[in-house]
Amino acid sequence: MSATAVSPAANATLRGGFLAAIFLMATSAIGPGFITQTATFTAKLGAAFAFAILASILIDFVVQLNIWRITALTRRNASETANAAIPGAGYLLAVLVMVGGLAFNVGNIAGAGLGLNAMFGLDPKIGGAISALLAIGVFLSKRAGLLLDRSLIGLGILMIVMTVIVAVTSNPPVGEALRQTIFPDVIDFPTITTIVGGTVGGYITYSGAHRLLDKGLVGEENLAAVTRASLTGIAVTGVMRFVLFLAILGVVASGVTLDLSSQAANPAAQAFAAALGDWGMRIFGVVLWAAAITSVIGAAYTSVSFLVAFMAMTDRSRNIATVIFIAVSLAVFVAIGTAPAALLVFVGGFNGLILPIGLTIFTYVGLARPDLMGGHRYNRPLLVLSAIVCALTWYMGYRSIGPIFAFLGL
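Each value, and the rule that gives it
Residues numbered from 1 in each chain as written. Predicted model: local features only at pLDDT ≥ 70, side-chain atom pairs only at ≥ 80, totals over all residues. Heavy atoms only, no water. Helix = DSSP H or I, 4+ residues; strand = E, 2+ residues; numbered from the N terminus. Buried < 20%, exposed > 50% of the residue type's maximum accessible area, 1.4 Å probe, protein only. Contact = heavy atoms within 4.5 Å. Areas by Shrake-Rupley, 256 points an atom, 1.4 Å probe, with all protein chains shown as cover. Salt bridge = Lys/Arg side-chain N within 4 Å of Asp/Glu carboxyl O. Axes fitted to C-alpha atoms, helices over the stretch in contact; angles between N-to-C directions. Parallel < 35°, antiparallel > 145°, perpendicular 65-115°, else oblique. Nonpolar A, V, L, I, M, F, W, Y, C, P; charged D, E, K, R; others polar. Phe/Tyr/Trp six-rings, centres within 6.5 Å; stacked < 30°, edge-to-face > 60°. Arc of directions from axis to C-beta. pLDDT = per-residue confidence, 0-100. Patch = residues over 30% accessible without salt bridge, like charges linked within 9 Å, V, L, I, M, F, W, Y side chains within 5 Å.

1. Description of the overall build of the protein
- When its secondary structure is counted, the protein shows 15 helices and 0 strands.
- Looking at the 410 residues of the protein, the share that counts as buried comes to 58%.
- For the protein, the share of sequence-separated contacts (at least 6 apart) that also reach a separation of at least 24 residues comes to 86%.
- Accessible surface for the protein amounts to roughly 15500 Å². Of this, 69% is attributable to carbon and sulfur atoms.

2. Description of the pattern of salt bridges
- With the rule as written, the count across this model stands at 6 salt bridges.
- The closest approach of N and O atoms between Arg179 and Asp185, which form a salt bridge, is 3.7 Å.
- Note on Arg179: relative accessible area 37%, which makes it partly exposed.
- For the salt bridge of Asp214 with Arg318, the shortest nitrogen-to-oxygen distance reads 3.2 Å. Of the two residues, Asp214 sits in helix H10 (residues 204-214) while Arg318 sits in helix H13 (residues 315-335), which places them 104 residues apart along the sequence.
- Relative accessible area serves as the criterion here: at 14%, Arg318 is assigned to the buried category.
- Overlapping salt bridges, with partners in common, bring together Glu176, Arg179 and Asp185 in one network.

3. Quick word on the packing of helix H4 (residues 78-85) against helix H5 (residues 89-120)
- Between H4 and H5, whose axes approach to 6 Å, the crossing angle comes to 150°. Considering their axes alone, H4 and H5 lie roughly antiparallel with respect to each other. Where H4 abuts H5, its residues Ala78, Ser79, Ala82 and Asn83 lie against Ala89, Gly90, Tyr91, Leu93 and Ala94.
- For the contact of H4 with H5, the per-class residue count stands at 6 nonpolar, 3 polar and no charged.

4. Examining the packing of aromatic side chains
- Per the stated rule, a full pass over the model turns up 7 aromatic pairs.
- Centre to centre, the rings of Tyr206 and Phe362 are 6.0 Å apart; their planes meet at 45°, and the pair counts as tilted. Linking Tyr206 in helix H10 with Phe362 in helix H14 (residues 340-368), this pair joins segments that are 156 residues apart in sequence.
- Assessed through its relative accessible area of 3%, Tyr206 is described here as buried.
- In this structure Phe362 comes out as buried when scored by relative accessible area, which is 1%.
- In textbook terms, an aromatic cluster arises when at least three aromatic residues are bridged by ring pairs, as seen for Phe41, Phe49, Phe242 and Phe245.

5. A look at H10
- When you tally the buried positions in H10, you get 10 out of 11 residues, the bulk of the element.
- Looking only at H10, the buried set comprises Ile204, Thr205, Tyr206, Ser207, Gly208, Ala209, His210, Arg211, Leu212 and Leu213.
- Just beyond H10, the residue with positive phi is Gly216, at close to 75°.

6. Concerning unusual backbone geometry
- Even without a glycine there, the phi angle at Arg75 is positive, about 60°.
- Inspection of the secondary structure puts Arg75 in the loop between helix H3 (49-74) and H4.
- Exposure remark for Arg75: the relative accessible area of 47% places this residue in the partly exposed category.

7. Digging into helix H8 (residues 174-182)
- Looking at H8, one finds that the buried residues are Ala177, Gln180 and Thr181. Seen from one end, H8 has its buried residues packed into an arc of 115°, which puts them on one side. Turned more than 90 degrees from where H8 packs its buried face, Gly175 and Ile182 sit exposed.
- Elements that come into contact with the buried residues of H8 comprise H3 and helix H11 (223-253).

8. Focus: the environment of Thr38
- By secondary structure assignment, the location of Thr38 is in helix H2 (residues 32-45).
- For the pair formed by Thr38 and Ala268, sequence separation is 230 residues and the distance between their alpha carbons is 8.0 Å.
- Discounting residues that sit within four places of it in the chain, Thr38 has contacts with Phe49, Arg241, Leu244, Phe245 and Ile248.

9. Here we look at the confidence of the model for the protein
- Averaged over all residues, the pLDDT of the protein is 83; the fraction at 70 or higher stands at 88%.
- Across the protein, H4 holds the top mean pLDDT of 94, while helix H1 (residues 8-29) sits lowest at 68.
- Contacts for the low-pLDDT stretch residues 1-5, under 50 throughout, to residues beyond four places or in other chains number 0 contacts.

10. Some remarks on a nonpolar patch on the surface
- Together, Tyr91, Val95, Val99, Phe310 and Met311 make up an exposed nonpolar region whose accessible area comes to about 450 Å².
- Positionally, Val99 belongs in helix H5.
- Taking relative accessible area as the criterion, Val99 reaches 45% and is therefore assigned partly exposed.

Structural data, given as structure tokens:
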């Protein structure tokens, strides 16, 4: 065997590591907020929502590609990279991501409660508590890492397959959706900001990057594979978003009016039920619960990974901190009065407001700090794209603050 040859076992380990990162990112993004946002905006915008999806996917590709690649090159946690580049910036980023992650995780637990309610009629708060305890069990397990990876992959595949079934059944107007993907009747910046935030905002884009870091899949030697993994993660979420959009669009186009008038309304559940009746509601419950429980795990894992900005952590202390994070999220969910569906839309927008801060820091690192990347001269075309998207996310965030907080009635 040559010096550069890699054994089949090592290859399998590498593939497993990259697959784990892809699914951690994708299932973190494809959460209950993702589902509720897609249903809400499809009901409001109809086929024109396709343009917002396309715009968000293009932005997502640039954001995730740059953050994953730069994290691999620096071989540092995002908060450590930020502190090394701009003293104090890592602390700011860590606080914002953890606060955003907590807000998102409250929404994830709310979504899990809604999912079990749709499946079994359980009170959403009881269902949320049961789901949070299951997530805590993952991190209390002696084989937490393996359990984390396998549960994310299995549940991720399950929710994608079930959503495809509903999309085929609802018979959406695909031609009109494709037309408005390029030539929309309306362009809505708060919508784009919210779904970008729900896909790569806040903690989400760092989830896969930090999973690769934990598995040692970093450095220039892994850069090509990191690039493929980051693009695959966004492709998975983009396909899921579009399939879910088509499923709900088919229902709306058939003449069904989804109720968005009350904060307690659950438009995604209404759409699934309209497409497949009682079975549709059960399938919705499975999809929403799978999306929620994987996002509870992903949000907690990634948010706690930012604590290294403030203290050194062993694997055991990280798992304990993650359990505490989930428990706090559950306590907030039980205590608040905001309806779950409204909360799920809000948290995506909130993370969309956090996104430009982290992207600005990473763009600066790629442009001016090759010393943090082992002397690597970062790809200039990617930096140009990153700068453009960075400016765009700042602008969209400015335009969207009011409408996003309006989701909570503030």
